[in-house]
Amino acid sequence: DAGVIQSPRHEVTEMGQEVTLRCKPISGHNSLFWYRQTMMRGLELLIYFNNNVPIDDSGMPEDRFSAKMPNASFSTLKIQPSEPRDSAVYFCASGSGGVFQPQHFGDGTRLSIL
Amino acid sequence: EDQVTQSPEALRLQEGESSSLNCSYTVSGLRGLFWYRQDPGKGPEFLFTLYSAGEEKEKERLKATLTKKESFLHITAPKPEDSATYLCAVQVNDYKLSFGAGTTVTVRA
């Protein structure tokens, strides 16, 4: 079975550039999550979509961050303009929704902003 | 505020040397507790869900238990391939997981 697919796996870019991260969730899952992982703060939830609708974006750090889910099989996380402190590993996860249902993670995008 | 604390931060074991990892939590309403395994350069891989105090789950050399304040992940007779970071997460509402910082386990042959 195909898991959650993220692209690119690695991204290195200059400060001020726009960065777009992509995610394809597991087919049939109606919940999608974007996380950020750093050594200092661990795994943090950025935004949660249910049935393609953003439900909770309280974890999005600033207006420079935006996320979309135009259909059930695709989501993007965009940072514009990017800053060095945005350097982290960004994970996408999907799930079938509800209490007790596990989230299944992709292998992440390692983002470095120079 | 919801808190999830994992200990120890790191654990070095000899192959075959059993041990336990701890996850203690303070949450206003526990909906479930999850254990994940994360290998370097990979995303967290789901292991177990525990729903209520007294529950136990097993998978190969791993056994997870849950009380009202903490969970343990027991590793029995570990092998080098059990080396990974183990993450604990509590579900604090219908969808949100609050993760601990993880325990990095290294098993030497």
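Figured I'd write up the structure that's included with this text.

Rules of the game
Residues numbered from 1 in each chain as written. Chains lettered and ligands numbered in written order. Predicted model: local features only at pLDDT ≥ 70, side-chain atom pairs only at ≥ 80, totals over all residues. Heavy atoms only, no water. Contact = heavy atoms within 4.5 Å. Buried area = accessible area lost by both parts, 1.4 Å probe. Salt bridge = Lys/Arg side-chain N within 4 Å of Asp/Glu carboxyl O. Polar contact = N/O pair within 3.5 Å; in protein donor to acceptor, adjacent residues only side chain to side chain. Helix = DSSP H or I, 4+ residues; strand = E, 2+ residues; numbered from the N terminus. Nonpolar A, V, L, I, M, F, W, Y, C, P; charged D, E, K, R; others polar. Buried < 20%, exposed > 50% of the residue type's maximum accessible area, 1.4 Å probe, protein only.

**Examining the interface of chain B and chain A**
Size of an interface, as often reported, equals the accessible area lost when the parts are brought together. Contact with chain B, which involves 19 residues of that partner, is made by 19 residues of chain A. The junction of chain B with chain A conceals about 1,600 Å² of combined surface from both sides, 59% of it contributed by carbon and sulfur atoms. The three residues of chain B that bury the most area against chain A are B:Pro44, B:Tyr95 and B:Phe99, which together make up 32% of that side's buried surface. Our enumeration of links across chain B and chain A arrives at one salt bridge. Between A:Asp107 and B:Lys42 there is a salt bridge; the shortest N-O distance is 3.7 Å. On inspection of chain B and its partner chain A, the count reaches six residue pairs in polar contact (both at pLDDT 80 or more). Of all the secondary-structure elements, those providing two or more residues to the side of chain B that touches chain A are strand S4 (32-38), strand S5 (45-50), strand S9 (84-91) and strand S10 (97-99) of chain B. In terms of residue count, the dominant contributor to the side of chain B that touches chain A is S4(B) (four residues). Grouping the constituent residues of the side of chain B that touches chain A by class yields nine nonpolar, six polar and four charged.

**A few points about the environment of A:Ser27**
In this structure, A:Ser27 sits in the loop between strand S3 (19-24) and strand S4 (31-38). Assessed through its relative accessible area of 75%, A:Ser27 is described here as exposed.

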